[in-house]
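Here is how the chains run, residue by residue.
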Amino acid sequence: LEEFHQVTTLDAEFDEKIRRLLDIGLEYFGLDTGILSRIEGEDYHIEAIEGSDIDVEVGDVLSLKNTFCQSIVKKKGPVYFNREHSDEIDDHPAYEKQELEVYLGVPVFIDNDLYGTLNFSGFEAVDRDLEKEARNVVQLMAEWIGKEISRRRSRDQAEANQRRLRQIIDNLPQLVFAKDESGEFLLANSSVAEA
């Protein structure tokens, strides 16, 4: 949790923070791969990925039905399995293609809408049941990611609105300006500059 807090408060780009969170998860759980995905319909977009023996990369789009994340989408909740403790995944297309022995995934929500999933997986079964401890940690990470994406979207929208407003003001034929108490211009459109 201390490492998680350090990463979330870093003065770093969002992508770097996600990469570090995935690394923390991989080390903590002793698993092979960590992925942040975005889900659109039946498409599974890889937004971030860390780990070893990976045959996919950021930007790849997979069929959701060929991933264990399909279960997260259906359930709108966490999914966990460990082959050491369960045989129920043998017939799943993702098991046939990827041969994952351990999987823990949780949904990432943005403003109550499903954005995607955060998941960690391994190619070898582990001898302990990770479900309770792992679910709490991964859920905390997913909640932070959802809030951070929402915050970034809101900031981007506000900046876009500010640019549009500035374009409208600049194109008005009337003089539009604002000054501070000392008479310095805070805002002036192109009509003011031409006058």
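The structure under discussion appears in the preceding block.
Reading guide: rules and limits
- Counting restarts for each chain: residues are numbered from 1 in the order of the written sequence.
- Owing to the predicted nature of the model, reporting of local features is limited to residues with pLDDT of at least 70; listing and counting of side-chain atom pairs is limited to 80 or more, with chain, interface and lining totals taken over all residues.
- For side-chain calculations, the full set of non-hydrogen atoms in the structure is used, while hydrogens and water are omitted.
- Note on conventions: DSSP H or I runs of at least 4 residues are helices, E runs of at least 2 residues are strands, and numbering of each starts at the N terminus.
- Any two residues whose heavy atoms approach within 4.5 Å are treated as being in contact.
- Only the protein chains shown count as cover for residues, and all accessible areas are computed by the Shrake-Rupley method using a 1.4 Å probe.
- Should DSSP find at least two bridges between two strands, the strands are regarded as paired.
- Each patch groups residues whose relative accessible area exceeds 30% and which form no salt bridge, using 9 Å between like charges and 5 Å between nonpolar side chains of Val, Leu, Ile, Met, Phe, Trp and Tyr.
- Take a side-chain nitrogen of Lys or Arg and a carboxyl oxygen of Asp or Glu: if they are within 4 Å of each other, that pair is a salt bridge.
- Expected helix span is computed as 1.5 Å times (number of residues minus one).
- Throughout this description, buried means an accessible area under 20% of the type-specific maximum (1.4 Å probe, protein chains only), exposed means over 50%, and partly exposed covers the range between.
- The axes used here are C-alpha line fits, helices contributing only the stretch in contact, and every angle between their N-to-C directions lies in the interval 0 to 180 degrees.
- Ring pairs shown here join Phe, Tyr and Trp side chains whose ring centres sit within 6.5 Å, with only the six-membered ring taken for Trp; geometry is labelled stacked below 30 degrees between planes, edge-to-face above 60, and tilted in between.
- Any Lys NZ or Arg CZ that is within 6 Å of a ring centre and within 35 degrees of that ring's normal is treated as a charge sitting over the ring.

Notes on the overall build of the protein chain
Part 1: Helices and strands together make up the secondary structure of the protein chain, namely 6 helices and 8 strands.
Part 2: N-terminal to C-terminal, the α/β element order of the protein chain is α-α-β-β-β-α-β-α-β-β-α-β-β-α.
Part 3: The long-range fraction of contacts in the protein chain, counting pairs at least 24 apart against all pairs at least 6 apart in sequence, stands at 49%.
Part 4: Of the roughly 11,800 Å² of accessible surface on the protein chain, 45% is carried by carbon and sulfur atoms.

Let's talk about the pairing of strand S8 (residues 185-188)
Part 1: Judged from the 3 bridges that link them, strand S7 (residues 177-179) and S8 form a sheet pairing that is antiparallel. Bridge assignment links Ala178 to a residue of S8, and that residue is Leu187.

A look at a nonpolar patch on the surface
Part 1: Judged by side-chain polarity, Leu175, Phe177 and Phe185 come together as a nonpolar surface patch covering roughly 330 Å² of accessible area.
Part 2: Here Leu175 lies in the loop between helix H5 (131-171) and S7.

Notes on helix H2 (residues 14-29)
Part 1: With 16 residues, H2 extends 23 Å from end C-alpha to end C-alpha; this agrees with the ideal 22 Å at 1.5 Å per step.
Part 2: What H2 keeps buried is the set Phe14, Lys17, Ile18, Leu21, Leu22, Ile24, Gly25, Leu26 and Phe29.
Part 3: One or two steps after H2, the chain reaches Gly30, where phi turns positive at roughly 70 degrees.

Some details on the sheet that holds strand S1 (residues 33-40)
Part 1: In space, the 6 strands of this open sheet follow the order S3-S2-S1-S6-S5-S4, with antiparallel pairing throughout. Each edge of the open sheet carries a strand with a single partner, namely strand S3 (61-63) and strand S4 (79-82). Averaged over all neighbouring strand pairs, the angle between strand axes comes to 25 degrees, with direction disregarded.
Part 2: In the sheet, S1 pairs with strand S2 (residues 43-51) via 8 bridges, with the strands oriented antiparallel. In the sheet register, Glu40 faces S2, and the bridge partner there is Asp43.
Part 3: In the packing of H2 onto the sheet, the strands contacted are S1, S2, strand S5 (102-110) and strand S6 (113-122), and the crossing angle to S2 comes to about 70 degrees.

With respect to the environment of Phe68
Part 1: Here Phe68 shows up in the loop between S3 and helix H3 (69-75).
Part 2: According to the relative accessible area criterion, Phe68 is buried, its value standing at 4%.
Part 3: Distance in space between the C-alpha atoms of Phe68 and Asn119 is 9.3 Å, their sequence separation being 51 residues.

Quick word on the environment of Leu26
Part 1: As for its placement among the helices and strands, Leu26 is situated in helix H2.
Part 2: Judged by relative accessible area, which is 11%, Leu26 ranks as buried.
Part 3: Distance from Leu26 to Phe120, taken between C-alpha atoms, is 7.0 Å for residues 94 residues apart in sequence.
Part 4: Beyond its immediate chain neighbours, meaning those up to four positions away, Leu26 contacts Leu31, Asp32, Thr33, Gly34, Glu50, Gly51 and Phe120.

Brief notes about the pattern of salt bridges
Part 1: According to the stated counting rule, one finds 9 salt bridges in the structure shown.
Part 2: Across the salt bridge formed by Arg38 and Glu47, the nearest N and O atoms sit 3.1 Å from each other.
Part 3: Its relative accessible area of 29% is what places Glu47 among the partly exposed residues.
Part 4: Between Arg155 and Asp156 there is a salt bridge whose closest N-O contact spans 3.2 Å.
Part 5: Note on Asp156: relative accessible area 37%, which makes it partly exposed.
Part 6: One network of salt bridges, in which partners are shared, links Glu16, Arg19, Arg20 and Asp23.

With respect to the packing of aromatic side chains
Part 1: Scanning the entire structure with this criterion turns up 7 aromatic pairs.
Part 2: Judged by centre distance (5.0 Å) and plane angle (75 degrees), the rings of Tyr28 and Phe29 are edge-to-face.
Part 3: Its relative accessible area of 1% is what places Phe29 among the buried residues.
Part 4: Lying over the aromatic face of Phe185, Lys179 brings its terminal NZ or CZ to 4.7 Å of the ring centre.

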